[in-house]
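Here is how the chains run, residue by residue.
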Amino acid sequence: MPFSNSSELSPSFILAGLPGLEAAQAWMAIPLCSAYVLAVAGNCAVLLVVRLEPSLHAPMYFFLCMLAAIDLALATATVPRTLSFYWFGSREIGFAACLLQMFLIHTLSAVESTVLLAMAVDRYVAICHPLRHAAILTNGATAKIGLLAVARGVLFFLPLPLLLLPLPFCGSRLLSHSFCLHQDVMNLACANTTPSVVYGLTAILLVMGLDAVLICLSYILILKAVLRLAAWRERLKVFSTCIAHICVVLAFYVPLIGLSVVHRFGKDLAPLVHVIMGNIYILVPAVLNPIIYGVRTKQIHRRILSLIHVTDR
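The structure presented is a predicted model; accordingly, all values stated were derived computationally and were not measured.

Here we take up the overall build of the protein chain. Across its full length, the protein chain carries 12 helices and two strands. Scanning the protein chain from its N terminus toward the C terminus, one meets helices and strands in the order β-α-α-β-α-α-α-α-α-α-α-α-α-α. Relative to a compact globule of 313 residues, whose C-alpha radius of gyration would be 20 Å, the protein chain shows 21 Å and is just as compact. Over its C-alpha atoms, taken along the principal directions, the protein chain stretches across nearly 70 × 50 × 35 Å. Buried residues in the protein chain amount to 46% of all 313 residues. Sequence-distant contacts in the protein chain: of pairs separated by 6 or more residues, those separated by 24 or more amount to 79%. A total accessible area of about 15700 Å² is found for the protein chain, and carbon and sulfur atoms account for 72% of it. Within the protein chain, one finds 20 positive and 12 negative side-chain charges whose respective centroids are separated by 14 Å.

Okay, structure coming up:
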């Protein structure tokens, strides 16, 4: 039946399940739950280790804590709701809840993108201007960057749900993912969505797109500085400090680009592809980030092992 957010008291959308795998949906949710538990455990471990280890009270690790907190919030805003659908059949999501989830997903993604840019600048200053690093990136400056990242995400992506509020929705209520995304919800509106399309694209280009360009520029400058070093061993040693950050950037932007491509060109793809790509976009950074930094950072690695040893005893 057609419905409108102005004609119904509590309009709702239908979350996408696993097309063709409905009978095994409860079992297929177990890997999703396992990934979520791993993401929560890994990111909480990072936050705890940085909190307990005084040697890690530096801008680089404070940025890492911001990433961990963002990934925790993003995964928690989506995965539990998805699991309640897979396991308990709670497939409908209310209009207000959908808009809130959509706002959180896009805003937190924007905040994470900004933090990744800040980490790239941190690496640039540390390698290209090491003597000025402590003066430029103080703890106070790091806190201000964190607040600026949150404010930037909210200001750019708060209009997205506001633009959808007055639109009527009719026909199909079925979403393409197991959570709410702006483009997905917007496509179900039976009205002119041009302002929403234009603003959504502009916001993504001015936040994620601009951040990606600036991160690439930072690494071009870093490479130039590294190649000026005389010895190859010294070059590798300096550039190895960037490996973890590069991996984290790829873990964030590759699923983001993949999901955008699926939305733009994947209309003929199987619905299952949309669901899987959405879950990858949400969970891959949250799962991989603590693993990457846990492996690449000796202080974090040792502290986690010591905590595990104490717990075992």
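Structure shown, so let's carry the discussion forward.
Enumeration over the complete set of coordinates arrives at two disulfides. Bridging cysteine 98 to cysteine 180, the disulfide has an S-S length of 2.0 Å. Disulfide cysteine 98-cysteine 180: torsion about the S-S bond near -120°, hence left-handed. Of this pair, cysteine 98 sits in helix H3 (residues 95-128) while cysteine 180 sits in the loop between helix H6 (159-164) and helix H7 (182-186); the two residues are 82 residues apart in sequence, bridging distant segments of the chain. Both residues of the pair, cysteine 98 and cysteine 180, count as buried.

Bringing the nonpolar core into the picture now. With 81 residues, the main nonpolar core has Phe13, Val115 and Leu116 as its most contacted residues. Those residues in contact with leucine 116, other than ones at most four positions away along the chain, are Leu67, Ile215, His245, Val248, Val249, Phe252 and Tyr253.

So, about the packing of aromatic side chains. Tallying each qualifying case throughout the model produces five aromatic pairs. A centroid spacing of 5.9 Å and a plane angle of 35° characterise the contact between phenylalanine 13 and phenylalanine 95, whose relative ring orientation is tilted. With phenylalanine 13 in strand S1 (residues 12-14) and phenylalanine 95 in helix H3, this pair connects stretches of sequence that are 82 residues apart. Considered together, phenylalanine 13 and phenylalanine 95 belong to a single accessibility category, that of buried residues. Sitting above the plane of the tryptophan 232 ring, arginine 235 keeps its charged end 4.7 Å from the centroid.

So, about the side chain of serine 218. Inspection of the secondary structure puts serine 218 in helix H8 (residues 194-227). Looking at serine 218, the relative accessible area reads 9%, which means it is buried. Among all residues touching serine 218, those that are not within four sequence positions of it are Ala120 and Tyr124.

The subject of this paragraph is the pattern of salt bridges. Under the defined criterion, the tally for this structure stands at three salt bridges. Salt-bridge contacts for glutamate 92 lead to arginine 173; the nearest nitrogen and oxygen are separated by 4.0 Å. Linking glutamate 92 in strand S2 (residues 92-94) with arginine 173 in the loop between H6 and H7, this pair joins segments that are 81 residues apart in sequence. Given a relative accessible area of 24%, arginine 173 falls into the partly exposed group. When the shortest N-O distance is used, the salt bridge between arginine 152 and aspartate 211 registers 2.9 Å. Within this pair, whereas arginine 152 is found in helix H5 (residues 139-157), its partner aspartate 211 is found in helix H8, the two being separated by 59 residues in sequence. The residues arginine 152 and aspartate 211 share a single accessibility class, namely buried.

This part takes up the environment of leucine 175. As for its placement among the helices and strands, leucine 175 is situated in the loop between H6 and H7. Leave out the neighbours within four places in its chain, and leucine 175 touches Phe13, Ile14, Leu15, Ala16, Cys98, Cys180, Asp184, Val185 and Leu188.

To continue, consider the UniProt feature "transmembrane region" (unreviewed entry) in the protein chain. Taking the UniProt record as the reference, the feature "transmembrane region" (unreviewed entry) is found at residues 26-49, 61-87, 93-121, 142-165, 197-222, 243-266 and 272-295. The distance separating the terminal C-alpha atoms of residues 61-87 is 37 Å; by composition the span is 100% helix and 0% strand.

Per-residue pLDDT for the protein chain averages 86, and the proportion of residues at 70 or more is 93%. Averaged pLDDT values over the elements of the protein chain bottom out at 66 in helix H12 (residues 298-312) and peak at 95 in H5. Considering only residues more than four positions removed or in separate chains, one finds that residues 1-10, a stretch of pLDDT under 50, has 23 contacts.

Moving on: the packing of helix H1 (residues 25-52) against helix H2 (residues 59-88). Close contact between H1 and H2 brings their axes to 9 Å; oriented N to C, the two are set at 160°. Judged by the angle between their axes, H1 and H2 are roughly antiparallel. With respect to the hand of their crossing, H1 and H2 are arranged in left-handed fashion. Residues that form the contact of H1 with H2 fall into these classes: 24 nonpolar, four polar and one charged.

The rules behind these values
- Residues numbered from 1 in each chain as written.
- Predicted model: local features only at pLDDT ≥ 70, side-chain atom pairs only at ≥ 80, totals over all residues.
- Heavy atoms only, no water.
- Helix = DSSP H or I, 4+ residues; strand = E, 2+ residues; numbered from the N terminus.
- Rg over C-alpha atoms; globule rule 2.2 N^0.38 Å.
- Buried < 20%, exposed > 50% of the residue type's maximum accessible area, 1.4 Å probe, protein only.
- Contact = heavy atoms within 4.5 Å.
- Areas by Shrake-Rupley, 256 points an atom, 1.4 Å probe, with all protein chains shown as cover.
- Lys, Arg positive; Asp, Glu negative; His and termini not counted.
- Charge placed at Lys NZ, Arg CZ, Asp CG, Glu CD.
- Disulfide = S-S within 2.5 Å.
- Core = buried A, V, L, I, M, F, W, Y, C linked by side-chain atoms within 4.5 Å.
- Phe/Tyr/Trp six-rings, centres within 6.5 Å; stacked < 30°, edge-to-face > 60°.
- Lys NZ or Arg CZ within 6 Å of the ring centre and 35° of its normal.
- Salt bridge = Lys/Arg side-chain N within 4 Å of Asp/Glu carboxyl O.
- UniProt positions renumbered as here; feature names shortened; annotations may be inferred.
- pLDDT = per-residue confidence, 0-100.
- Axes fitted to C-alpha atoms, helices over the stretch in contact; angles between N-to-C directions.
- Parallel < 35°, antiparallel > 145°, perpendicular 65-115°, else oblique.
- Left-handed = near helix turned anticlockwise from the far one by under 90°.
- Nonpolar A, V, L, I, M, F, W, Y, C, P; charged D, E, K, R; others polar.

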